[in-house]
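What follows is the residue order along each chain.
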Amino acid sequence: SKASLTFRAFLKGNYTMNTSLKRVEGNEGSGAYDSMGWYACDLRTWLNNEDDNKSFINALPEILRNSLKATKRTSDNGSYGRDLPLSITYDKIALGSLEEYGLTGYSDVTPGQGNQYPIITDDESRKFPPIQGVDIPTYWTRTTGNGNVHQWYFIDMDGRRATGGGANYNRICILFSI
């Protein structure tokens, strides 16, 4: 069944965007290739791994966990300019892409990462909400920076895009649909 409502929730912990090289079977006859983008991101695995008792999804109340819908996510592979196809995942919990946050039209960002589903369209709405104990209100997106797996885009404290090393810490804003 189709997801009817999409929500976002801000988590105040500190998270990295470390990746492990993973082999991806290409879609539409494109052949296999190596990915280090959202598909291969350790954070994606932690958010969605229902086989791991320590994963985020398994920490949710059962009634919510059973209501979550897997949603198609299209993401770059940390390979801008190498003509690799975008990877497609079906995640119950994901991070938004720059395009889903209304930040489009940049020459250094591979297009097609959710631009048909903009969820936020202005800087003020993109800002991390005031939460006690959060001193740096920035959060990761699932878009790699400049097609470089060591750089990821995040939303800065003014609601604009910025890049940072994947080993750096930022908050996260998760998206999920029921």
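Before going into details, it helps to say that this report is about the structure given with it.

In this structure, M17, L43, L47, I93, L95, I172 and I174 are the most contacted members of the largest nonpolar core, which totals 21 residues. Only β1 (6–15), α1 (42–48), α2 (56–59), β6 (93–95), β8 (148–155) and β10 (170–177) provide two or more residues apiece to this core. With residues up to four places along the chain from it excluded, the contact list for I174 reads F7, R8, A9, L11, L47, F56, I93, A94 and L95. In this structure, L98, L103, C173 and L175 belong to the second largest nonpolar core, which totals 13 residues.

Next up on the list: the packing of aromatic side chains. Evaluation of the coordinates by the stated rule reveals eight aromatic pairs. Relative to F154, the ring of W140 has its centre 5.9 Å away and its plane inclined at 85°; by these criteria the two rings are edge-to-face. You can see W140 sitting in strand β7 (residues 139–145) and its partner F154 sitting in strand β8, a full 14 residues away along the chain. For W140, a relative accessible area of 0% puts it in the buried group. Feature note: the residues F10, Y101, F128 and Y139 constitute an aromatic cluster, connected by ring pairs.

Attention shifts here to the side chain of N170. Looking at the element boundaries, N170 is found in strand β10. Exposure remark for N170: the relative accessible area of 5% places this residue in the buried category. Here T138 takes part through its side chain, which lies 2.2 Å from a polar atom of the side chain of N170. Discounting chain neighbours no more than four positions away, the residues touching N170 are G13, N14, Y15, T138, Y139, W140 and F154.

Calculation criteria
- Residues numbered from 1 in each chain as written.
- Predicted model: local features only at pLDDT ≥ 70, side-chain atom pairs only at ≥ 80, totals over all residues.
- Heavy atoms only, no water.
- Core = buried A, V, L, I, M, F, W, Y, C linked by side-chain atoms within 4.5 Å.
- Buried < 20%, exposed > 50% of the residue type's maximum accessible area, 1.4 Å probe, protein only.
- Helix = DSSP H or I, 4+ residues; strand = E, 2+ residues; numbered from the N terminus.
- Contact = heavy atoms within 4.5 Å.
- Phe/Tyr/Trp six-rings, centres within 6.5 Å; stacked < 30°, edge-to-face > 60°.
- Polar contact = N/O pair within 3.5 Å; in protein donor to acceptor, adjacent residues only side chain to side chain.

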